[in-house]
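Chain and residue survey
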Amino acid sequence: MKRSIEIRNHLREVHHFQNRLAISAGFVLFLFLLLLARFYYLQVLESEHYHTLAEDNRIFLSPVVPNRGLILDRNGEVLAENYSAYTLEIVPNKFTDLEATINKLATVIPIEEVDRRRFKKLREDNAKFESLPIRTRLSEEEVARFAANSYLFPGVELKARLFRRYPKEKSASHVLGYISRINNNDLVKLEADEVLANYKGTNHIGKLGIEQSYEKELHGIAGFEEIETDSAGRKIRVLSRTQPVSGNDLTLTLDAKLQEIAEKAFGDRRGALVAIDPSNGDVLAFVSKPGFDLNLFVNGIDFTNWDLLNNSIDRPLNNRALRGVYPPGSTFKPFMALAGLELNLRTPQHTISDPGYFQLPGSSRHYRDWKAGGHGRVNLHKSLVVSCDTYYYELANDLGIDNISKFMGQFGLGKKTGIDIEGESAGLLPSQEWKMSRHKERWWPGDTISIGIGQGYNLATPLQLAFATTIIANKGSAFRPRLVKRIRNSKAGETLEIAPQLLYTLHLNPDNLEIVRNALKDVTQPGGTAAAAGAGASYTFAGKTGTSQVIGMKQNEKYDEKNINDRHRDHALFIAYAPTENPSIALSVLVENGGHGGSSAAPIARIVLDYFLLGKLPPVNTAEKSVDGGIEDVHD
Amino acid sequence: MSMTNVRPWHFLTRYIDSFLLLSILLVMAVGLATLYSATDGNLSRVTNQAVNMAVALVIMWLVANIPLQYMMRLALPIYVVGIILLIGVTLFGEINNGARRWLNIGITRIQPSELMKIAVPLMMAWYFDKHEATLRLRDYIVATMILLLPVLLILRQPDLGTALLIIFSGFYVLFLAGLSWRIIIGLLVAGAGSLPILWSMMHGYQKKRVMTLIDPTEDALGAGYHSIQSTIAVGSGGIMGKGWQNGTQAHLDFLPEKSTDFIFAVFSEEFGIVGNSLLLLLYLLVIGRGLVIAVNASTQFTRLVAGSITLTFFTYIFVNIGMVVGILPVVGVPLPLFSYGGTSMVTMLLGFGILMSIQMHPTKLVKT
């Protein structure tokens, strides 16, 4: 009985087993089908997607940096160019003891103190994972030496990089600007402009002047190499290469030789000079002194040099011509004179008797003329030639601030000229509204008086003064000042000539203009305030001297030139154009703490004009000599 | 088996199931070719693997020649020795990659958990055979104990992959021995209920693996990297694949463990869905033959052993491929007959040796 149960059980278990095995087989098939379904999903439906991912894995787009465009002067002289050189680069965060690595490196390749300082500053300014140069411009011997020892320095790489060179070093430094390593702010800006991809391999970007403002033209279009890499990022082979397109070459309106002569004419003095072709707005020279060596910035400037430049009392980094604002002083007078004539408040015949000061009716305050005792009888012509202050105090009072403000605005004062580099200052052309909003105070009649001689709230940049001068020089036409006249497109091989931009034409009465122009011509003639600077010129040139006060004078204080701190001396100004009949150049000169416009600023103008019009080179040390022009009395 | 056959190689083929052998050899051949590609044409690795295969085939042949009676007698001793070695591992084992899996027995290092993959189903089948036809709930409980003892020891090492596979092999024995559905469902529910407890017992890296299965991109460069890169490899293989030795994921080193646990990704990238389907078909031939052997087996012991070995073999395949295509967590389970390595190869072929022995030895009804 028991046995029969067992047999029955046995058979039942066999049956059970086969049943269970069948279920298992079904289970196996089901799961295999599940796998097949997954294969179908991955390899058929989503194949494209995964194919792309696999390609992204293996193909690395390595940017090929384009050559930056050249910058040439108007005669084709090179002002900024590129050269290729080897650098030693380190990614700082790959090292725990960076100092030790650099010390070790110094046993193979000379690493100067300045290199260490520069590297330190680069580290502070850049993200930690970036490759930074510890040494640049390695000689061939150094390259060979490092290559032989490179196994000792994992993580230190020798790289061939393109560098920028400014052959003229300090010349035109503020106009050209420089390129420097891309920092975090630049990155944010590049991203906002949606051009970040184009800068993938680029290390440098324009930071100032033309280099900054024409970054888009100069940079070019990055090329790409499709590189197959393994998972460790090792290069296997180059699959394809898209050539980069070099940046566009810029031809400036600047005349490098003229620029250099102008810079030399300043000697050690601080100041600015802007020379413009009045017929088209071409900036021929654009000087801000002192300058600085642009090449210092290219590879990253070190702390010491940076401190020297940044903390120097002479503020060499400041672009005085573009951003420096100064009271225009008496260079304001020709425009005042024109205003008086145009608004019919003055005639050429109108004559005043100058007692040496001006008094507002009902006020005891004396507005003093620069010449004690006055100039005697003064008409409009004489007022400009001798630079009579009293005449313009009175004229300013008669015109009123609203008229002055409106009229001077036409000459570009108080607003940016729109020159094609960034950072321009607008200066200040005071008005009633301006004073109310700025000082929360009404405009007093007394405020107007000193405006008449370009003092008071008046502020202008040397560029603005030069621009205003061009408008008188070419009888009313205002061309936008420009630094770039030609762009050579590397891609198309085409050259684009940039047309001069006529901003507007002032419809001035030709007679009035002629009266002022005549007076300006006589400024450089015997008897004029710039007679010394004009002496012996084989061409005629018109000008106006100016002095701009650095410190305010009390009512009865006398300006004592000899005992005053050098830095508190007045700034010397001069505006000019030549030849007088058909001017091809208009300029403004500013000499900081130069004292008199006639004796220190005008001679610089003369040197520039001599070279520009006659091709005459200044004798050595002319600048220094001409300061002592020998005119004792002509003050303004 | 006729004794008239006197061909000289008769002793070689006598207990060999040719269908099974042929299927296995086919898979191995494809495996070697894939390994050649996965190792970037490293002939010494391929030769090594070929030697592994040869050794495993010899072991298979030896096992196939052991008659069932001996096999049954060996079940208990093997199991006991295995448990002793596992305890040895717990006490004296060598730590490798944070896990204590190896035991140095003087001559060589061994991994006792590998032995248990065979020993556990043998032991359980032996127990069920002893109690054939009088099976009661108590027997299933005892069998479960036989299963759980080594599993717990292996989990302590820790070696989740091996423990899971042993659980599966033991479960297949229980299942095939007729464990009632109510209990199975009860176990499943209990299992699901114990998941939180299991979770709390898991090691950090094991938890991470489970988490990355749910969302591999969460840790794309860490734990999810394996899964993402292997999925990319498979997906980018497309229909026809990139061609032998042309897989970019494999050859540019984006695939981790490409000659061992992730070798299927290499195969899949280079041969596409067509290759995948053919490979599954080959595996299905092996599994199908194993199931046929199980159906034909005459005793409770052989039935259960054959069924469990075959289903465990399938489990390896499914878990490995499932892991490579991103539907299962990354557990250290090799692809049978494919992945580089001697241990698993030997274990697999030892199992097939048992299958052949079951199929080829003359039937003797032990119980009658």
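Because the structure is predicted, anything quoted here is derived from the model rather than measured. (Residues numbered from 1 in each chain as written. Chains lettered and ligands numbered in written order. Predicted model: local features only at pLDDT ≥ 70, side-chain atom pairs only at ≥ 80, totals over all residues.)

**Observations concerning the overall build of chain B**
Defined as follows: Counting from the N terminus, the helices are the DSSP runs of H or I reaching at least four residues and the strands are the DSSP runs of E reaching at least two. Exposure classification rests on a simple neighbour count of other C-beta atoms within 10 Å of a residue's own: a residue reaching 20 or more is buried, one at 12 or fewer is exposed, and one in between is partly exposed. C-beta atoms are placed from the backbone. What counts as a contact here is a pair of residues whose C-beta atoms, placed from the backbone, lie within 7 Å.
Along its length, chain B carries 14 helices and 3 strands. Here chain B, with 368 residues, has 50% of them falling under the buried criterion. Look at the contacts in chain B between residues 6 or more apart in sequence, and 70% of them connect residues 24 or more apart.

**Examining the overall build of chain A**
Helix and strand counts for chain A come out as 23 helices and 23 strands. Residue burial in chain A is summarised as follows: out of 636 residues, 45% are buried. Within chain A, counting contacts between residues at least 6 apart in sequence, those at least 24 apart form 75% of the total.

**Details of the interface of chain B and chain A**
Accessible area lost when the parts come together is the quantity often used to give the size of an interface. The criterion, for reference: Think of it as three bins: nonpolar holds Ala, Val, Leu, Ile, Met, Phe, Trp, Tyr, Cys and Pro, charged holds Asp, Glu, Lys and Arg, and polar takes everything else, Gly as well.
The interface of chain B with chain A comprises 38 residues on the first partner and 36 residues on the second. Within the residue set of the side of chain B that touches chain A, elements represented by two or more residues are α7 (160-176), α10 (224-237), α11 (248-251), α12 (263-296) and α13 (300-324) of chain B. A per-element tally of the side of chain B that touches chain A places α12(B) first, with 10 residues. Grouping the amino acids of the side of chain B that touches chain A by side-chain chemistry returns 21 nonpolar, 14 polar and 3 charged.

**A word on the nonpolar core**
Residues and elements named next belong to chain A. Put simply, the rule is: Throughout this description, the term nonpolar core refers to a group of buried Ala, Val, Leu, Ile, Met, Phe, Trp, Tyr and Cys residues whose C-beta atoms join them within 7 Å. Where each domain begins and ends is defined by an automated method or by a domain database.
In terms of nonpolar packing, the biggest core is built from 126 residues, with L273, V274, A275, L587, A605 and V608 touching the most fellow members. With 10 residues, the single largest contributor to this core is helix α16 (residues 389-409). Mapped onto the domain boundaries, this core takes at least three residues apiece from domain 1 (61-250) and domain 2 (257-292 + 300-627). Residues within four places of L587 in sequence aside, it is in contact with L273, V274, A275, I276, A466, T469, A576, A605 and V608.

**Remarks on the sheet that holds strand β21 (residues 542-548) of chain A**
Strand pairs in the sheet, formed through backbone hydrogen bonds, run parallel or antiparallel to each other. All names here are of chain A. As a reminder of what qualifies: Strands qualify as paired when DSSP identifies two bridges or more between them. What counts as an axis is a line fitted to C-alpha atoms, over the stretch in contact for a helix, and the angles between N-to-C directions run from 0 to 180 degrees.
In space, the 5 strands of this open sheet follow the order β12-β11-β23-β22-β21, with antiparallel pairing throughout. One side of each edge strand has no neighbouring strand; the edge strands of this open sheet are β12 (283-289) and β21. On average, adjacent strands in this sheet sit at an angle of 5 degrees to one another, irrespective of strand direction. Here 6 bridges tie strand β11 (residues 271-276) to strand β23 (residues 585-591), and the two strands are oriented antiparallel to one another. Paired with A272 across the bridge in β23 is L590. Packed on one face of the sheet, helix α10 (residues 256-266) meets β11 and β12 and runs near 30 degrees to β12.

**Some words on the pairing of β21(A)**
Residues and elements named next belong to chain A. Counted residue by residue, β21 has 7 buried out of 7 residues, so it is predominantly covered. Side-chain alternation along β21 places A542, K544, G546 and S548 on one buried face and G543, T545 and T547 on a second face that is also buried. Two elements, β21 and strand β22 (residues 571-578), share 7 bridges in a ladder whose sense is antiparallel. What sits directly across from S548, in β22, is H571.

**Quick look at the environment of P133(A)**
Residue and element names in this part refer to chain A. Checked against the element boundaries, P133 lands in strand β4 (residues 132-135). For the pair formed by P133 and L122, sequence separation is 11 residues and the distance between their alpha carbons is 8.5 Å. Sequence-distant contacts of P133, defined by excluding residues within four places in its chain, comprise T87, L88, E89 and N299.

**Examining unusual backbone geometry**
Trans is the common state for peptide bonds, and a negative phi is the common state for residues other than glycine. Cis geometry marks the peptide bond from K289(A) to P290(A), where omega comes out at -5 degrees. With respect to the helices and strands, P290(A) occurs in the loop between β12 and α11 (295-298). Of the consecutive residues A578(A) and P579(A), the connecting peptide bond is found in the cis state with omega at -15 degrees. Relative to the helices and strands, P579(A) is located in the loop between β22 and β23. Positive phi is not limited to glycine here, since K475(A) has a value of about 60 degrees. Relative to the assigned elements, K475(A) resides in the loop between α19 (462-473) and β17 (477-479). In this structure, E257(B) is a non-glycine residue whose phi angle is positive, near 45 degrees. With respect to the element layout, E257(B) can be found in the loop between α11 and α12. Assessed through the 18 C-beta atoms surrounding it within 10 Å, E257(B) is described here as partly exposed.

**Things to note about the packing of helix α4 (residues 113-125) of chain A against helix α12 (residues 303-311) of chain A**
Residue and element names in this part refer to chain A. To keep it simple, the criterion reads: Convention used here: angles under 35 degrees read as roughly parallel, angles over 145 as roughly antiparallel, angles from 65 to 115 as roughly perpendicular, and any remaining angle as oblique.
At their nearest, the axes of α4 and α12 sit 8 Å apart, and the two run at 75 degrees to each other. With respect to each other, α4 and α12 are oriented roughly perpendicular. Between α4 and α12, the residues in contact are R117, K120 and K121 and F303, T304 and W306, respectively. Taken together, the residues of the contact of α4 with α12 break down into 2 nonpolar, 1 polar and 3 charged.

**Some thoughts on the confidence of the model for chain B**
The cut-off we apply is this: Each residue carries a pLDDT score, the predictor's own confidence in it, on a scale running from 0 to 100.
Model confidence for chain B is summarised by a mean pLDDT of 86, while 91% of its residues fall at 70 or above. The ipTM for the predicted assembly is 0.91, set against a pTM of 0.65.

**Some details on the sheet that holds strand β9 (residues 235-242) of chain A**
Residue and element names in this part refer to chain A. Spatially, β1-β8-β9 is the arrangement adopted by the 3 strands of the open sheet, whose pairing is antiparallel. Among the strands making up the open sheet, the edge pair consists of β1 (59-64) and β9. For this sheet the average axis-to-axis angle between neighbouring strands, irrespective of direction, equals 30 degrees. Relative to β9, strand β8 (residues 223-229) is paired through 6 bridges, and the arrangement is antiparallel. Its bridge partner being in β9, E225 is matched across the sheet by R241.

**Overview of the environment of T34(B)**
Note that T34(B) resides in helix α2 (residues 18-38). Ignoring anything within four residues of it in the chain, the contact list for T34(B) reads I263(B), V266(B), F267(B) and F338(B).

**Brief notes about the packing of α7(B) against α13(B)**
Residues and elements named next belong to chain B. Heads up, the condition is: Handedness of a crossing is defined here by the sense of rotation of the near helix relative to the far one, left-handed for an anticlockwise turn of less than a right angle and right-handed for a clockwise turn.
α13 packs onto α7 with a crossing angle of 140 degrees between their chain directions and a minimal axis gap of 9 Å. Taken together, α7 and α13 sit at an angle that is classed as oblique. Taken as a pair, α7 and α13 cross one another with a handedness that is right-handed. Of the residues in α13, those touching α7 at L165, F168, S169, Y172, V173 and L176 are L304, G307, S308, L311, T312, T315 and Y316. Considering only residue class, the contact of α7 with α13 consists of 8 nonpolar, 5 polar and no charged.

**Overview of the confidence of the model for chain A**
Confidence along chain A averages 85 in pLDDT terms, with 93% of residues attaining 70 or more. Throughout residues 622-635 of chain A the model reports pLDDT below 50, and contacts reaching past four residues in sequence, or to other chains, amount to 27 contacts.

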